[in-house]
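# A look at the structure
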Amino acid sequence: MRYGFLAAILLAATLFGSPARAEDASITVERAGTTLRDMTSDPNAIGPVGDYLKRAKGVFIIPQLVKAGFVVGGEYGEGVLLSRKGAGDWSDPAFYSLAAGSIGLQIGVEAKQVLLVVMTEKGLNSLMSDQVKFGADASVAVGTIGGGVGASSSGSLGADFIAFAKSKGLFGGGALDGAVIQTQPKKSEAFYRTAATPKQILIERRFTSDEAAQLRETLSQF
């Protein structure tokens, strides 16, 4: 299983890895805003997602989590994390990626929109490091939206993260166990035109960008 996970990470790096550019970072922020609007305007999503966002410490928005592979497969996505101090008070975005690996019969490519809602201080603090591994550094519970299905209250109690995806069954079978979230310092640097750590962006709030204004405005209702 460990080999499969490492192979999936290498596959993701090969398929998606590219030099960080300000234009790419801006596109990621724009797509994150679209993803957030899509997932919070869905009548099936407003209740479960909105309720968690109003109690959240932060949210990691992944416009596309791509699942691909044959026998050894993996999921990979890049997105932005914003922190929340209180009602409607959200930071500017820092850039992160998520990678998960699995072994099994997988054919084709599939992409999904994902929200990882940060529910605890522990969860938010864990994201100040370069890498966070689910199951080792933080706990995660799964919620799906669409078809009226929301996060399980029993499974989400005390979890550091709640994962929401548009399609039912995206994270079936414990697919997030062992998944890794990593910072993307080069992408944050490209976006803010200077070196900017997650702590400086999310906690100390030293950086801001007009390009993220629409994304913050969408989040301001929570």
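All of these numbers come straight from a predicted model, not from anything done at the bench.

About the criteria used
Residues numbered from 1 in each chain as written. Predicted model: local features only at pLDDT ≥ 70, side-chain atom pairs only at ≥ 80, totals over all residues. Heavy atoms only, no water. Helix = DSSP H or I, 4+ residues; strand = E, 2+ residues; numbered from the N terminus. Buried < 20%, exposed > 50% of the residue type's maximum accessible area, 1.4 Å probe, protein only. Contact = heavy atoms within 4.5 Å. Areas by Shrake-Rupley, 256 points an atom, 1.4 Å probe, with all protein chains shown as cover. Core = buried A, V, L, I, M, F, W, Y, C linked by side-chain atoms within 4.5 Å. Expected span 1.5 Å × (residues − 1). Axes fitted to C-alpha atoms, helices over the stretch in contact; angles between N-to-C directions. Parallel < 35°, antiparallel > 145°, perpendicular 65-115°, else oblique. Nonpolar A, V, L, I, M, F, W, Y, C, P; charged D, E, K, R; others polar. Salt bridge = Lys/Arg side-chain N within 4 Å of Asp/Glu carboxyl O.

A count of helices and strands for the chain gives 8 helices and 8 strands. The buried share of the chain, taken over its 222 residues, is 50%. The contacts of the chain with a sequence gap of at least 6 include a subset with a gap of at least 24, amounting to 71%. When the accessible surface of the chain is summed, it comes to about 10300 Å², and 52% of that surface belongs to carbon and sulfur atoms.

Turning next to helix H6 (residues 185-192). Residues of H6 that are buried include every one of Lys187, Ser188, Ala190, Phe191 and Tyr192, and no others. A positive phi of about 65 degrees marks Arg193, the residue just after H6.

As a further point, take the nonpolar core. Counting 54 residues, the largest nonpolar core has Ile61 and Ile181 as the members making the most contacts within it. Ranked by residues supplied to this core, first place goes to strand E1 (residues 58-86) with 8 residues. Ile181 has contacts with Phe60, Tyr96, Ser97, Leu98, Leu116, Leu127, Asp130, Gln131, Val132 and Phe134, leaving out every residue within four places of it along the chain.

Quick look at helix H2 (residues 22-41) now. Taking 1.5 Å per residue as the helical rise, H2 with its 20 residues ought to reach 28 Å, and the 29 Å between its terminal C-alpha atoms agrees with that figure. Buried within H2 are the following residues: Ala25, Ser26, Thr28, Val29, Ala32, Gly33, Thr35, Leu36, Met39 and Thr40.

Here we take up the packing of H2 against H6. Interaxial distance between H2 and H6 falls to 8 Å at its minimum, and their mutual angle equals 95 degrees. On the basis of the axis angle, H2 is roughly perpendicular to H6. For the pair formed by H2 and H6, the contact residues are Ala22, Asp24, Ala25, Ser26, Thr28 and Val29 on the first element and Lys187, Ala190 and Phe191 on the second. Among the residues forming the contact of H2 with H6, the class breakdown is 5 nonpolar, 2 polar and 2 charged.

The next point concerns the pattern of salt bridges. Scanning the model with the defined rule gives 7 salt bridges in all. The partner of Lys57 in a salt bridge is Glu121, with the nearest N and O atoms 3.7 Å apart. Of the two residues, Lys57 is situated in the loop between helix H3 (43-53) and E1 and Glu121 in helix H4 (residues 121-126); the sequence distance between them amounts to 64 residues. With relative accessibility at 28%, the residue Lys57 sits in the partly exposed group. The partly exposed category is assigned to Glu121, whose relative accessible area is 44%. In this structure, Asp89 engages Arg205 in a salt bridge whose closest nitrogen and oxygen atoms are separated by 2.7 Å.

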